Amino acid sequence: MKKHFITNLALLIFLNLLIKPFWFFGIEVGVQNQVGEEIYGFYFSLFNFAFILNMLLDVGINNYNNRAIARDHTLLKGNLAAIIPLKLFLSLTYAGVVLISGKILGYSQEQFQMLWILVLNQFLASFILYFRTNISGLQLYRTDSLLSVMDRSLMILFTGLLLWGNISSKPFQIEWFVYAQTVSYILTLITSASIVRFRSGKFFHLLSLSGSLKTLRASYPFALLILLMALFNRVDSVMLERLLENGREQAGIYAQSFRIFEAATQFSLLFAMLLLPMFSRMIQLKQDVNELVRTALPLLMVAGLSVATMTYFYKFEIIDLLYRTHTSYSSNIFGILMVGFLFVSISYLYGSLLTANHNLRQLNIVAAITVIINISLNLILIPRHQARGAAISSLVSQGFYAIAQMILAVRLMKIPANKDLFFKLAAFLVINLISGYLTLFIPGWVPGILLLAVSCSVSALLLGLIRPSEIKSALEE
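Just so we're clear, the structure is a prediction, and the values are computed from it rather than from any experiment.

Remarks on the overall build of the chain
- Secondary structure summary: the chain contains 18 helices and zero strands in total.
- The dimensions of the chain, computed from C-alpha atoms along their principal axes, are 70 × 60 × 45 Å.
- Expressed as a percentage of its 477 residues, the buried residues of the chain come to 58%.
- As displayed, the chain offers around 20,200 Å² of accessible surface, 67% of which is attributable to carbon and sulfur atoms.

This is how it looks when you write it as structure tokens:
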């Protein structure tokens, strides 16, 4: 399992480093610079509003299905027959709830015009993710890795043509960005569905209401967890747009930093995509999961600490390089959010482990408390500190959620606390905080950040957090 984890993680990281940095820093930054903070904030708050209610499209089906297929591959055909009609019904429910909620919140006709397309995009993305859970559950990790970047690759092509291809005399419109996503999702959905159809054979004649209801009952704890996580991860921009007179502008400024934070968390998400089916399989076979924890934890934490340290010391330079306006204010928000990336890395590891072990009741309790913390802090801090207040709320929430999950995993699953690794990680942090401070005296920020990256790499090797010999031996097993 360690060999599978390392080899497939390497492929995932390679593909995502090839595609997603250009998507986030080229396309999304390019779009925001073209349309401005207010227009992008208009889109960003609506996108997050639609994303929060995305749980109604899924109701925990994806995590439930991934865990089930990883444990027993023969469930594929029966699950498809039960889940596909259920997801179609849920899509109608989702669309109705989003549009009614938008009416209650007082969205304008202009906002509803975009919201319709965003609802469609969420529907398409949800089905893509569902088909991918079948593919990864079957241990077809390489195929899933390629699908993980297909939609973004197509979006880069289509949006890049609209941004820089001079195919229209009109200025770039935010609606074009949304339509490019729609076309990309449709093509990716057709591809992923075709792969699953090839692996499963015919299943439509097995469609049954009883199977759909059984799946719904089994998956609802996953649904509640997804909703709660979406709330404390995405409600910030919605509250900014609703609570402040200049809400659209503040949501746009917040989006400058949040988009980079989100790009960084995609790295941790790659681990979770591999770890959930692997942990599920190991628990089913009664294997020791701590060995895989000790392999994943140093990799995640070294990456998290390195990115958090480098972006904190050079926050202004990075934001100033990417954006044209509000760079000084936005860089402070960026520094706060990127510290939270460390906690997200912890969450993806221990959250995947607890989900695989089906400790959903405990996870939902912790997530509910996190939502209360996040919304309460936003109500207090956003009116006083605007986007910066939202960033502080996010950091506190992510920190509480990550530490609570780590404690739960140790207590409920009786795994070691791995204190030796955390002592080494503490030493790693101290060394690189000192290194980061010293690099500030070097003329030019590019040499400084490169030296800090070297310091992170060398200290990780010297402390034994990254062991090339161990990785080599795992690959040779």
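A closer look at the packing of helix H2 (residues 37–52) against helix H10 (residues 247–284)
- At a minimum axis separation of 7 Å, H2 and H10 run at an interaxial angle of 75 degrees. On the basis of their axis angle, the class for H2 and H10 is roughly perpendicular. Counting all contacts with H2, which are made through Glu 37, Glu 38, Tyr 40, Gly 41, Phe 42, Tyr 43, Phe 44 and Phe 47, the residues of H10 involved are Arg 248, Glu 249, Ala 251, Gly 252, Ile 253, Tyr 254, Ala 255, Gln 256, Phe 258 and Arg 259.
- Here the contact of H2 with H10 is built from residues that sort into ten nonpolar, three polar and five charged.

Some words on the environment of Asp 144
- With respect to the helices and strands, Asp 144 occurs in helix H7 (residues 141–164).
- Taking the C-alpha atoms as reference points, Asp 144 and Arg 132, twelve residues apart in sequence, are found 6.2 Å from one another.
- Every residue in contact with Asp 144, bar those within four places of it in the chain, is listed here: Arg 132, Ile 135, Ser 136 and Met 273.

Observations concerning the pattern of salt bridges
- Tallied over the full model, the rule gives four salt bridges.
- A salt bridge links Arg 152 to Asp 151; the shortest N-O distance between them is 3.8 Å. As far as the burial class goes, Arg 152 and Asp 151 line up, both buried.

Concerning the side chain of Ser 257
- Assignment of secondary structure puts Ser 257 in helix H10.
- Within the local environment of Ser 257, its side chain forms a polar contact with the backbone nitrogen of Phe 334, the two atoms lying 3.3 Å apart.

Details of the packing of helix H16 (residues 419–439) against helix H17 (residues 445–462)
- In contact at an axis separation of 9 Å, H16 and H17 are set at 160 degrees when each is read in the N-to-C sense. The orientation of H16 relative to H17 falls into the category roughly antiparallel. Considering how the two elements wind past one another, H16 and H17 form a crossing that is right-handed. When H16 is examined against H17, the residues Phe 428, Ile 431, Asn 432, Ser 435, Gly 436 and Thr 439 are found in contact with a partner set consisting of Gly 448, Leu 451, Leu 452, Ser 455, Cys 456, Ser 459 and Ala 460.
- Grouping the constituent residues of the contact of H16 with H17 by class yields six nonpolar, seven polar and no charged.

Focus on the packing of aromatic side chains
- This structure, assessed with the given rule, holds 18 aromatic pairs.
- Ring centres of Phe 127 and Phe 131 lie 6.2 Å apart, and the angle between their planes is 40 degrees; this geometry places the pair in the tilted category. Separated by four residues within a single helix, Phe 127 and Phe 131 lie in helix H6 (residues 109–137), roughly one turn from each other. Here Phe 127 and Phe 131 have matching classes, each one buried.
- Grouping aromatic residues by their ring pairs yields a cluster made of Trp 23, Tyr 40, Tyr 43, Phe 44, Phe 47, Phe 51, Phe 177, Tyr 254, Phe 258 and Phe 261.
- Sitting above the plane of the Phe 127 ring, Lys 87 keeps its charged end 5.5 Å from the centroid.
- The ring of Tyr 312 has Lys 315 lying over it, and the distance from NZ or CZ to the ring centre is 4.4 Å.

Considerations on the nonpolar core
- Tyr 43, Leu 115 and Tyr 254 are the most contacted members of the largest nonpolar core, which has 96 residues in total.
- Residue contributions to this core peak at twelve residues, all from H6.
- Residue contacts for Tyr 254: discarding those within four places in its chain leaves Phe 44, Asp 236, Leu 240, Ile 333, Leu 337, Ala 387, Ala 390, Ala 391 and Ser 394.
- Ranked by size, the runner-up nonpolar core spans 55 residues in total, among them Ile 13, Leu 349, Ala 356 and Cys 456.

Topic: H16
- In this model H16 runs 30 Å from its N-terminal to its C-terminal C-alpha over 21 residues, within 8% of the 30 Å that 1.5 Å per residue would give.
- Here H16 has its buried residues at Leu 421, Leu 425, Phe 428, Asn 432, Ser 435, Gly 436 and Thr 439. Projection of H16 onto a plane perpendicular to its axis shows the buried side chains occupying an angular sector of 100 degrees, all on one side. Projecting away from the buried face of H16 at angles above 90 degrees are the exposed residues Lys 419, Phe 423 and Leu 438.
- Taken together, the buried residues of H16 touch helix H11 (290–313) and H17.

Concerning a nonpolar patch on the surface
- The grouping of Val 430, Ile 434, Tyr 437, Leu 438, Leu 440 and Phe 441 at the surface amounts to a nonpolar patch, some 640 Å² of accessible area in total.
- Tracing the backbone through its elements, the reader meets Val 430 in helix H16.
- Residue classification places Val 430 among the partly exposed positions, given a relative accessible area of 47%.

Remarks on the environment of Asn 66
- Mapped onto the secondary structure, Asn 66 falls in helix H4 (residues 61–71).
- Taking C-alpha positions, Asn 66 is 30 Å from Phe 422, a pair spaced 356 residues apart along the chain.
- Apart from the residues lying within four places of it in its own chain, the contact partners of Asn 66 are Thr 133, Ser 136, Gly 137, Leu 276 and Pro 277.

How each quantity is defined
Residues numbered from 1 in each chain as written. Predicted model: local features only at pLDDT ≥ 70, side-chain atom pairs only at ≥ 80, totals over all residues. Heavy atoms only, no water. Helix = DSSP H or I, 4+ residues; strand = E, 2+ residues; numbered from the N terminus. Buried < 20%, exposed > 50% of the residue type's maximum accessible area, 1.4 Å probe, protein only. Areas by Shrake-Rupley, 256 points an atom, 1.4 Å probe, with all protein chains shown as cover. Axes fitted to C-alpha atoms, helices over the stretch in contact; angles between N-to-C directions. Parallel < 35°, antiparallel > 145°, perpendicular 65-115°, else oblique. Contact = heavy atoms within 4.5 Å. Nonpolar A, V, L, I, M, F, W, Y, C, P; charged D, E, K, R; others polar. Salt bridge = Lys/Arg side-chain N within 4 Å of Asp/Glu carboxyl O. Polar contact = N/O pair within 3.5 Å; in protein donor to acceptor, adjacent residues only side chain to side chain. Left-handed = near helix turned anticlockwise from the far one by under 90°. Phe/Tyr/Trp six-rings, centres within 6.5 Å; stacked < 30°, edge-to-face > 60°. Lys NZ or Arg CZ within 6 Å of the ring centre and 35° of its normal. Core = buried A, V, L, I, M, F, W, Y, C linked by side-chain atoms within 4.5 Å. Expected span 1.5 Å × (residues − 1). Arc of directions from axis to C-beta. Patch = residues over 30% accessible without salt bridge, like charges linked within 9 Å, V, L, I, M, F, W, Y side chains within 5 Å.

None of this, on its own, says anything about what the molecule does.
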